[in-house]
Amino acid sequence: MEIILAIVIGVLYAAGVYLLLRRSIVKLILGLIFFSHATNLLVFLAGSLSKVSPPFVQEGQKVAQASVADPLPQALVLTSLVIGFGITAFALVLIYRFYQSSGTVDFDQLKED
Amino acid sequence: MSNPYSNIFRIAATKLRPLLFILSLIVLYRGHQQPGGGFIGGLMAASAYILYALAFNSAEARRKLPLSTSALLGTGLAVILVSGLLSVLAGEPFMTGMWTTLHLPFGQELHLGTPVLFDAGVYLAVIGVLLTIMFDIIDIE
Amino acid sequence: MQLIRIVGVVFFLAFLTPFIDKRLGKISGYLYALLPALLFTLLLKQLPDIIDRHFIIQSIDWFPLLHVHLSFYLDGLSLLFALLITGMGTLVFIYSGYYMQHYPMRGRFYFYILLFMGAMLGLVLANNLITLFLFWEITSFSSFLLIGFNHERPEARAAALQALLITGFGGLAMLAGFVLLGNVAGSYELTDLLQDGAVVKGSKMYMPLVLLILAGAFTKSAQFPFHFWLPGAMEAPTPVSAYLHSATMVKAGIYLLARLQPILGGTDLWQFSLGLAGAMTMLVGAYFAFTQFDLKKILAYTTISALGMLVLLVGIGTELAITAMVIFLIVHSLYKGALFMIAGAIDKTVGTRDIRHLGGMWPVMPVAAVATFLTLFSMAGLPPFLGFIGKEVIYDAKVQAPEIAVYLAILAVAANIFMVAVAFLFGHGVFFGKKKDPPKIPREPAIPLLIGPVVLSVTSLFMGIYPAILTQPLVLPAIDAVNASPVKLHIQLWHGLNLVFLLSVITVTLGLTLFFFRKPATKALRKFNQRYFKIEFADLFRKLVESFLSFTKRHTEVVQHGYHRFYLMLIFIVSSLLVWYQIYHTRGWGFEANWEEVPFYLIGISLLIITAALGAVFTRSRLVAIILLGVIGYAMAFIFILYGAVDVAITLILVETLVLVLFVMVVYHLPSYMPKYSRPTSRIRDGIIALVFGGFMTALVLKAEFIKISPPISDYFLKEAFTKGHGRNIVNVILVDFRGLDTMGETVVLMIAAIGVFSLLKLKPKKKKEE
């Protein structure tokens, strides 16, 4: 089942790369979001997908059962999601200010100024 | 500014705000044992106020907050630091988890530890960050 | 005595200068002099112990795993240097107290010079080579700041940069040499290395490490062909020239060579390199000193010559040569420090230091004149001054040097003839001859300016007259340290009528002859210089730096073109190709694709994500694009739930919703269409790059699946989450307990993002009034 998710990751990265190479700043942000989605999935996949029960210690037990999923990639992805939000917000505000002061949404105009 | 949103949205926002807020506290509290925690709780609590700000305006939402957004941020970070430093006071390395059990009347037990305090700090900081960002963006005219 | 405290207290005072200077104002310089004076007496008290060979070794672990320690070592050699540093330091601070009192950035001056003093003390006391290097670099750095102290002057800035580049380059080479030395010997501690000389000399790395270390020592001690930074450094205020560029910092290279002589010395390579560089430097310095006009430049070139002499003596390396080196080191520091102070005092009181505008001033400044002449006699090597003893021993060492003795003696005599001539030229030019019109009316320089020269010249006189009492106790332990064996030696003023004395007589006679024919001689030599020595090393160096800068500028413009997408494209292409190659190289092309295991709902979700991604890429409506992104986010949340990541899924749904809101709120203010800026060809090109990149990520995931390097640390988390973390939600326990520091860092990052957003939106620049 990794094969299909690997393809999804590839498509997300390809979409991200394509959008990052555009001149429009809005597309740049979209590309960034694609990139973070793809990376989150990649990190998540780095743990094994063979065990699927949520990583909790059952009531009345001291040690988690052998069937629980790898908790570390989950913690990493959780962290990255929230940071990703901060980055996206900052980037969005940055392009807004860029548009405000330059009057264009074309990145190539930036070089001439 | 005239009201661009429907009354239904406003009423929903008004009713949902305390509900979501209380829910976020529950999620925060039980986060160490069951799904939830500081991040999720913070996101929920912030959503409550963002919803309110969208329905009315950010000034109104700010007034409903017990603290200013920047104070929330600062308090959050301070709580995180304090939870880490408590163990230093006890002679352990920074951020060693310390636990204690309070015996409440009626045989109840309350299991408290510095990681829970840490989570509360994360909760406050996340609210502070999200609301600072969102309110500022809503303020763009 | 704690050696680290001696170094530390100087740095401590350095960082207090901003507060002290504000309170005390002009008198602060005199007060700073108390510290080196105190340290001088403390160090002097150690002398009896050191003579009895009770050396001090102290060490504090710093990076124990890298064998780097803050370790210090006090033996005869380091004590001699430490005494020079603190003793000269005391006089220089008194001198600066007057000299610098009207400078606008006085506090900064004291900060730099104290920083230097601390570093210099650390350098000579350090026992660990890496610690030594650290202090070495601080001296280069503070020298840079002090040379460029009058930073309004472009010449000062250029000279400072030149000195920094040269000594910095040398310092880096030296560090490499130290690392090699440490690897060969297995320790960076000098006290260990002193036992391992034979191992080091026998190693294959001996030649590279010696050459690298010599690069450091030669640049610092202004050896030919790196000598030219020192005359340039005369742009610094005179106290700095007297302290750093004659008595202490330029001797750091000599110190290092003397220190390493027992470890590295005695080989052909060592003797040849030091001999050649030293002899060249000695001659070049003496020769150019003769034709200078600026008092400080004259002194700078004689300093270069003296440094060459010292290097040559270390290179010869016999017991007698080392004795000569140590004595001459003291002699030179005494007379050169004094002469610089006098040059500065004259400059300060008369307003010029150009020898063509000076003359006949001895009646108005008798004290300065007497001090100067006492000093100059020592420099010219006349009895009964210490300089005489110094020169005698030097000649003795050279006459007795093996094999090349004759040439060395001739070279030394030649250089000394110029020294004698220069000494008389200096004294005569300033105090005798015709009276000229300097910018200010000549009068006796102020007392603080004369304390230094008087003390130094008197010291030099007494050390010459009573060598057994004053000179021997200082000199012998230092020689002992370099030779690593006790010496039995009697230093005396009068050696009797022998070859060495004859050489002295010849030197003085020829020197005086050169002085009497100074007018035709300097004229002829200047003409000669103009014709044959047109190459100015400083200019050459500047051109080298300039051409390097223009070269890098041209290349930077090619690489740094300013189009973000081409930067990104380069990154994507290079990383794709490298990773593709690596995957092929290590794992081959075969993939294990097991489609049968894939559940149907996962295929559905994946197709949804892929379709939405393609739609988001090719749509021209922003709203459609962002809605499709939301679809992708929620679909991913579903995948997370499928594989047990409940918390992640909840977070993703909440974040995704907020991003949607955010995006709509911001993009609302931007133009409503997404224009097609690129041409079809570039879109196809980008499409190919994107597919190559995406493809390698897919391949990477598939290949990585089958590599298990070590057991995952998650096993620990699974086992200990409840017993140690007291929580059943393992992800949460990781976030707030096991990896709590990461989470704290993340919160800080978030806070920075929030502050960024706030400052971008709320702190708008004030609009210009014309608009």
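It should be emphasised that the depicted structure is a prediction, and the values quoted were computed from it without experimental measurement. (Residues numbered from 1 in each chain as written. Chains lettered and ligands numbered in written order. Predicted model: local features only at pLDDT ≥ 70, side-chain atom pairs only at ≥ 80, totals over all residues. Heavy atoms only, no water.)

### Some words on the pairing of strand β1 (residues 56-63) of chain C
Residue and element names in this part refer to chain C.
Part 1 of the argument: In this structure, β1 lies alongside strand β2 (residues 68-74), joined through seven bridges in antiparallel fashion. Along β2, the bridge assignment pairs Q58 with F72.
Part 2 of the argument: Connecting β1 to the antiparallel partner β2 that follows it, the hairpin turn spans four residues, and H67 within it adopts a positive phi of roughly 60°. (Pairing = 2+ DSSP bridges. Helix = DSSP H or I, 4+ residues; strand = E, 2+ residues; numbered from the N terminus.)

### Focus: empty space enclosed by the protein
Part 1 of the argument: The final tally for this structure, using the stated rule, is seven cavities of 30 Å³ or more.
Part 2 of the argument: Estimates place the volume of the largest cavity at around 130 Å³.
Part 3 of the argument: Forming the walls of the largest cavity are 13 residues, and the residues nearest its centre are S36, H37 and L81 of chain A together with V655 and E656 of chain C.
Part 4 of the argument: For the lining of the largest cavity, the secondary structure elements donating two or more residues are α2 (25-46) and α3 (71-102) of chain A together with α29 (646-667) of chain C. (1 Å grid on protein atoms, 1.4 Å probe; cavity = no way out; pocket = protein on both sides within 12 Å on 5 of 7 lines; lining within 4 Å. Points joined across faces, edges and corners; volume = space filled by probe spheres on them.)

### Examining the nonpolar core
Part 1 of the argument: Counting 203 residues, the largest nonpolar core has L264 and W270 of chain C as its most contacted members.
Part 2 of the argument: Examining the composition of this core, we find that 22 residues originate from one element, helix α17 (residues 319-350) of chain C, more than from any other.
Part 3 of the argument: No fewer than three residues from each of domain 1 (1-268) and domain 2 (276-516) of chain C sit in this core.
Part 4 of the argument: Residues within four places of L264 of chain C in sequence aside, it is in contact with L181, V200, K201, Y206, L209, V210, I213 and W270 of chain C.
Part 5 of the argument: Core analysis: the second largest hydrophobic core is formed by 145 residues, I9 and I29 of chain A, A45 of chain B together with V667 of chain C among them. (Core = buried A, V, L, I, M, F, W, Y, C linked by side-chain atoms within 4.5 Å. Buried < 20%, exposed > 50% of the residue type's maximum accessible area, 1.4 Å probe, protein only. Domains from an automatic or database assignment. Contact = heavy atoms within 4.5 Å.)

### Observations concerning the UniProt feature "transmembrane region" (unreviewed entry) in chain B
All names here are of chain B.
Part 1 of the argument: Within this structure's numbering, the places UniProt gives as "transmembrane region" (unreviewed entry) are residues 12-32, 38-59, 71-90 and 120-138.
Part 2 of the argument: In residues 12-32, the share of helix is 90% and the share of strand is 0%. The end C-alpha atoms are 30 Å apart.
Part 3 of the argument: The straight-line gap between the two end C-alpha atoms of residues 38-59 is 26 Å; of that span, 91% is helix and 0% is strand. (UniProt positions renumbered as here; feature names shortened; annotations may be inferred.)

### Quick look at the packing of helix α5 (residues 76-99) of chain C against helix α22 (residues 467-483) of chain C
Residues and elements named next belong to chain C.
Part 1 of the argument: The interhelical angle for the contact between α5 and α22, taken along N-to-C directions, is 130°, at an axis separation of 6 Å. Taken together, the axes of α5 and α22 lie oblique to each other. Contacts between α5 and α22 involve G76, L77, L80 and L83 on the former and, on the latter, L474, P477, A478, A481 and V482.
Part 2 of the argument: A per-class count over the contact of α5 with α22 returns eight nonpolar, one polar and no charged. (Axes fitted to C-alpha atoms, helices over the stretch in contact; angles between N-to-C directions. Parallel < 35°, antiparallel > 145°, perpendicular 65-115°, else oblique. Nonpolar A, V, L, I, M, F, W, Y, C, P; charged D, E, K, R; others polar.)

### Some points on the pattern of salt bridges
Part 1 of the argument: All chains considered together, the criterion is met by 18 salt bridges over all chains.
Part 2 of the argument: Residues D139 of chain B and K762 of chain C are paired through a salt bridge, measuring 2.9 Å at the closest nitrogen-oxygen approach. Linking D139 of chain B in the segment after α5 (114-138) with K762 of chain C in helix α33 (residues 740-762), this pair reaches from one chain into another.
Part 3 of the argument: When its relative accessible area of 37% is taken as the criterion, K762 of chain C is described as partly exposed.
Part 4 of the argument: Between D294 of chain C and R353 of chain C there is a salt bridge, with its nearest N and O atoms 2.9 Å apart. Of the two residues, D294 of chain C sits in the loop between α15 (268-290) and α16 (295-316) while R353 of chain C sits in the loop between α17 and α18 (366-380), which places them 59 residues apart along the sequence. (Salt bridge = Lys/Arg side-chain N within 4 Å of Asp/Glu carboxyl O.)

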